[in-house]
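In case you want the letters, here they are:
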Amino acid sequence: QTREMLEANGFGPRDWETISLVGLAAGHTYMTGFYRNGVLAPEQSDSVRDAYRAALEVRHGEQRTAEILGIDRFNNLVHPNLNVNAQYHQLRIVEPVAVDRTVVHAHCFRLKGAPKEIFHRAIRFLSNIGSPASMIFGDDVEIFARCQDGLTHGSAEWINTARGFGRDEKGNDGEVRGTASELPNRVQFAAWLRLMTQ
């Protein structure tokens, strides 16, 4: 699972251009999924997942089960500070505690009625992506620390979030779509600005 996660995060520019980013007027954002192989891929079939699908079909029917399992999203950011990765049963809450300090609470949840192996996969995912020893989380934290350091020392007055600007496609009700860009940051900052100035 760790290898699959690292390979998925090692996409090239062409691969990242196939992943949609969606921003909503209230500041919520999400991206389409990018795990294509192995235990994390939504189309994966194995005894655990097949048992889970069968249990869902008994409860909801084939069509509704296909709809539930067909949602392939990652990094569902609920403005202002909740990250939900429902497919992998993860919640992250970002809690600012000072102007220069933030605590990230990472949790996984257990699906009622799902096979216990599904929960064990969720725990492994949490360990691989959210633990202090994780290469993915360690990389994220290093980026956050460098941004904070840059802001603290005043070497730059602004953080540039213009990547992909001008390519965003505006939809109904303030929805914005793009790929390989800083769209989620721009959508969240715009919502924050509206909330702070209304």
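Residues numbered from 1 in each chain as written. Predicted model: local features only at pLDDT ≥ 70, side-chain atom pairs only at ≥ 80, totals over all residues. Heavy atoms only, no water.

(A) Region of the structure containing the overall build of the protein chain. Looking only at helices and strands, one finds 7 helices and 8 strands in the protein chain. Counting only C-alpha atoms and orienting by the principal axes, one finds that the protein chain spans roughly 55 × 40 × 35 Å. Residues classed as buried in the protein chain amount to 32% of the 198 residues present. Of the contacts formed within the protein chain by residues at least 6 apart in sequence, a portion of 52% connects residues at least 24 apart. When the accessible surface of the protein chain is summed, it comes to about 12,900 Å², and 56% of that surface belongs to carbon and sulfur atoms. Positive and negative side-chain charges in the protein chain, numbering 22 and 24 respectively, have mean positions lying 4 Å apart. (Helix = DSSP H or I, 4+ residues; strand = E, 2+ residues; numbered from the N terminus. Buried < 20%, exposed > 50% of the residue type's maximum accessible area, 1.4 Å probe, protein only. Contact = heavy atoms within 4.5 Å. Areas by Shrake-Rupley, 256 points an atom, 1.4 Å probe, with all protein chains shown as cover. Lys, Arg positive; Asp, Glu negative; His and termini not counted. Charge placed at Lys NZ, Arg CZ, Asp CG, Glu CD.)

(B) Region of the structure containing the environment of A191. Mapped onto the secondary structure, A191 falls in helix α7 (residues 183–197). Remark: the alpha-carbon pair of A191 and A26, spanning 165 residues in sequence, is separated by 5.9 Å. If we skip the residues at most four places from it in the chain, A191 touches A25, A26, G27 and H79.

(C) Broad picture of the sheet that holds strand β2 (residues 29–32). Overall, antiparallel pairing links the 8 strands, which are arranged β6-β5-β4-β3-β2-β1-β8-β7 in an open sheet. Since the sheet does not close on itself, it has two edges, and those belong to β6 (101–108) and β7 (169–170), each with one partner. Examined bridge by bridge, strand β1 (residues 20–23) and strand β8 (residues 176–179) share 4 bridges and lie antiparallel to one another. Among the inter-strand pairings, L21 is bridged to a residue of β8, identified as G178. Sitting on the sheet, helix α5 (residues 116–130) touches β3 (73–78), β5 (90–98) and β6, and the angle it makes with β6 is about 160 degrees. On the sheet, α7 packs against β1, β2, β3 and β8 and is oriented at approximately 5 degrees with respect to β1. (Pairing = 2+ DSSP bridges. Axes fitted to C-alpha atoms, helices over the stretch in contact; angles between N-to-C directions.)

(D) View of the pairing of β6. Two elements, β5 and β6, share 8 bridges in a ladder whose sense is antiparallel. The residue of β6 that forms the bridge with A98 is R101. From the end of β5 to the start of β6, which pair antiparallel, there are 2 residues.

(E) View of empty space enclosed by the protein. Per the stated rule, a full pass over the model turns up 1 cavity of 30 Å³ or more. Within this model, the largest cavity holds a volume of roughly 70 Å³. Counting only elements with at least two residues in the lining of the largest cavity, the list comes to β4 (82–85), β5 and α5. The element best represented in the lining of the largest cavity is α5, accounting for 4 residues. (1 Å grid on protein atoms, 1.4 Å probe; cavity = no way out; pocket = protein on both sides within 12 Å on 5 of 7 lines; lining within 4 Å. Points joined across faces, edges and corners; volume = space filled by probe spheres on them.)

(F) Inspection of the packing of helix α3 (residues 47–60) against α5 at higher detail. Look at α3 against α5: their axes get within 9 Å of each other, and the N-to-C directions meet at 120 degrees. Here α3 lies oblique to α5, going by the angle between them. For the crossing formed where α3 meets α5, the hand is left-handed. Across the interface between the two elements, V48, R49 and Y52 from α3 touch E117, I118 and R121 from α5. Here the contact of α3 with α5 is composed, by residue class, of 3 nonpolar, no polar and 3 charged. (Parallel < 35°, antiparallel > 145°, perpendicular 65-115°, else oblique. Left-handed = near helix turned anticlockwise from the far one by under 90°. Nonpolar A, V, L, I, M, F, W, Y, C, P; charged D, E, K, R; others polar.)

(G) Expanded view of the nonpolar core. Of all hydrophobic cores here, the largest spans 12 residues; its members are I19, L21, M31, F34, F74, Y88, F125, I129, I136, V176, L183 and V187. Looking at this core, the elements with two or more residues in it are α5 and α7. Counting residues in hydrophobic clusters, the runner-up holds 5 residues, among them V48, L56, A114 and I118. (Core = buried A, V, L, I, M, F, W, Y, C linked by side-chain atoms within 4.5 Å.)

(H) Summary view of a nonpolar patch on the surface. Where nonpolar side chains cluster on the molecular surface, the patch consists of W192, L193, L195 and M196 and spans about 470 Å² of accessible area. Assignment of secondary structure puts L193 in helix α7. On the basis of relative accessibility, which here comes to 48%, the residue L193 falls in the partly exposed class. (Patch = residues over 30% accessible without salt bridge, like charges linked within 9 Å, V, L, I, M, F, W, Y side chains within 5 Å. Salt bridge = Lys/Arg side-chain N within 4 Å of Asp/Glu carboxyl O.)

(I) Up close: the packing of aromatic side chains. Taken as a whole and assessed by the stated rule, the structure comprises 3 aromatic pairs. Here F74 and Y88 contribute two aromatic rings whose centre-to-centre distance is 5.9 Å and whose plane-to-plane angle is 65 degrees, an arrangement assigned as edge-to-face. You can see F74 sitting in strand β3 and its partner Y88 sitting in the loop between β4 and β5, a full 14 residues away along the chain. On the basis of relative accessibility, which here comes to 4%, the residue F74 falls in the buried class. Relative to F125, the ring of Y88 has its centre 4.7 Å away and its plane inclined at 15 degrees; by these criteria the two rings are stacked. In this pair, Y88 sits in the loop between β4 and β5 while F125 sits in helix α5, placing the two residues 37 residues apart along the sequence. Pair check on accessibility: Y88 and F125 agree, each one buried. Three or more aromatic residues joined by ring pairs make a cluster, and in this case those are F74, Y88 and F125. Positioned over the ring face of Y30 is R73, at 3.8 Å from the centre of the ring. (Phe/Tyr/Trp six-rings, centres within 6.5 Å; stacked < 30°, edge-to-face > 60°. Lys NZ or Arg CZ within 6 Å of the ring centre and 35° of its normal.)

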